[in-house]
There are 2 protein chains.
Amino acid sequence: MGDRMFAFIGGISGPWRIVRLEAVSGESLEAVPWLDVVSGIEDSLPAGAKWLLRGVTSSERYTTRRERDLLVARQPALGRPEATCAALIPVKKSASWWGLAQDERRAIFEQRSEHIKTGLNYLPAVARRLHHCRDLGEPFDFLTWFEYVPGDSAAFEELVVALRRSEEWKHVEREIDMRLVRDETAEC
Amino acid sequence: MGDRMFAFIGGISGPWRIVRLEAVSGESLEAVPWLDVVSGIEDSLPAGAKWLLRGVTSSERYTTRRERDLLVARQPALGRPEATCAALIPVKKSASWWGLAQDERRAIFEQRSEHIKTGLNYLPAVARRLHHCRDLGEPFDFLTWFEYVPGDSAAFEELVVALRRSEEWKHVEREIDMRLVRDETAEC
């Protein structure tokens, strides 16, 4: 399981410089200059760090085989050298969302909000990894990490705006938008 | 989240006496005489305990609204004074199961294995609580806890046999069957 667990550590070191950190809904996180992304189980806050968010990659909750095949055919890997822009978007959904049955959540997520269909429009530009954390006792339900080249910044912005306008997002009660750069000269 | 987390502690104390503990598939657990069921986050093994299994109740992964309404209308609460028999069935599914897409898992789980439909046949006799643990780094993926009156022991056995014959169970690679009594005179 350790290889499915990731920690996002906000503090004074790491390869990613945080250029923007703002609350879209609910309480923000303390502003810090750097983010480290660590694979494996991390339980204690390193010296100088202000927060640590943990999540685990897991089985897909809504994606059908057909959708998965489309995603797999188009999605790029993380770590492309030219993808010097990143975003970390922690999201917490409402208790009423989690009280819905599986078919009701799927209907909002895809039939009515086109979450997967919208995401497919931004492939192969935007690489993405979804981490689940609701069942870990974390403050957020999901942490999504995105990487893209500076030239795709406007496209990424469009994707985020489209999702925030969706019916699904009415069930989001806390959301942080964090933007990062790996190269000081990158304009993201 | 603490109120959704449960620990099952096998050792020398607890309200439930373990009358049977056997591996159905894969490796067994160390035999112990008593089981304690604790609500909340438990990280350390109490003195005298041999193992601790943790799980969290969570959103339903496959159940539709219609199925949920049928379940809620029929299912009894845990803790009925007359339900002095219990079972704890830890299950781990295969990597290939977890590699399936959501619609493929649902098709096996219900269309082809009738997991929910079969369970409904044993309501209101058998009370049940499902705990998820795959994403917690635990040795099992699920811990299911059942409570029933001694007179429903044969019905419970039928339920377990029906599920083990299903296509879904071909994806189970480790399973323990533990039976317990709360009253020394109970015949379960």
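This text goes with the structure placed above it.
Everything in this summary refers to the structure shown in the same document. Only a predicted model underlies this, so the values are computations on that prediction, with no experimental measurement involved. (Residues numbered from 1 in each chain as written. Chains lettered and ligands numbered in written order. Predicted model: local features only at pLDDT ≥ 70, side-chain atom pairs only at ≥ 80, totals over all residues. Heavy atoms only, no water.)

Moving on, we come to the interface of chain A and chain B. Contacts between chain A and chain B engage 25 residues on the former and 25 residues on the latter. Between chain A and chain B, a total of about 2000 Å² is buried, with carbon and sulfur atoms accounting for 42% of that surface. The interface formed by chain A and chain B holds 6 salt bridges in total. As a salt-bridge pair, Arg61(A) and Asp135(B) come within 3.5 Å of each other at their nearest N and O atoms. Where chain A touches chain B, the interface holds 18 residue pairs in polar contact (both at pLDDT 80 or more). Elements supplying a minimum of two residues to the side of chain A that touches chain B: helix 1 (65-74) and helix 3 (102-112) of chain A. With 4 residues, the single largest contributor to the side of chain A that touches chain B is helix 3 of chain A. (Contact = heavy atoms within 4.5 Å. Buried area = accessible area lost by both parts, 1.4 Å probe. Salt bridge = Lys/Arg side-chain N within 4 Å of Asp/Glu carboxyl O. Polar contact = N/O pair within 3.5 Å; in protein donor to acceptor, adjacent residues only side chain to side chain. Helix = DSSP H or I, 4+ residues; strand = E, 2+ residues; numbered from the N terminus.)

A word on the packing of aromatic side chains. Any two aromatic rings considered together are summarised by their centre-to-centre distance and by the angle between their planes. The full count for this structure, using the stated rule, is 12 aromatic pairs over all chains. Ring centres of Phe8(A) and Trp145(A) lie 5.8 Å apart, and the angle between their planes is 40 degrees; this geometry places the pair in the tilted category. One end of the pair, Phe8(A), is in strand 1 (residues 5-11); the other, Trp145(A), is in strand 7 (residues 142-148), and 137 residues separate them in sequence. Across the pair, exposure class does not vary: Phe8(A) and Trp145(A) are buried alike. Here Tyr148(B) and Phe156(B) contribute two aromatic rings whose centre-to-centre distance is 4.6 Å and whose plane-to-plane angle is 15 degrees, an arrangement assigned as stacked. For Tyr148(B), a relative accessible area of 1% gives the class buried. Residue classification places Phe156(B) among the buried residues on the basis of a relative accessible area of 0%. An aromatic cluster of three or more residues is present, and its members are Phe8(A), Trp16(A) and Trp145(A). (Phe/Tyr/Trp six-rings, centres within 6.5 Å; stacked < 30°, edge-to-face > 60°. Buried < 20%, exposed > 50% of the residue type's maximum accessible area, 1.4 Å probe, protein only.)

This part is about the pattern of salt bridges. Evaluation of the coordinates by the stated rule reveals 34 salt bridges over all chains. Here Arg20(A) and Glu157(A) are joined by a salt bridge, their closest N and O atoms 3.8 Å apart. Placement of the pair is Arg20(A) in strand 2 (residues 16-25) and Glu157(A) in helix 5 (residues 153-164), with a sequence separation of 137 residues. Across the pair Arg65(B) and Glu104(A) runs a salt bridge whose closest N-O atoms are separated by 2.9 Å. Here the residue Arg65(B) occupies a position in helix 1 (residues 65-74), and Glu104(A) occupies one in helix 3, the pair thus bridging two chains. Owing to a relative accessible area of 28%, Arg65(B) belongs among the partly exposed residues under this scheme. Here the residues in one salt-bridge network are Arg20(A), Glu22(A), Glu157(A), Arg164(A), Glu175(A), Asp177(A) and Arg179(A), joined through shared partners.

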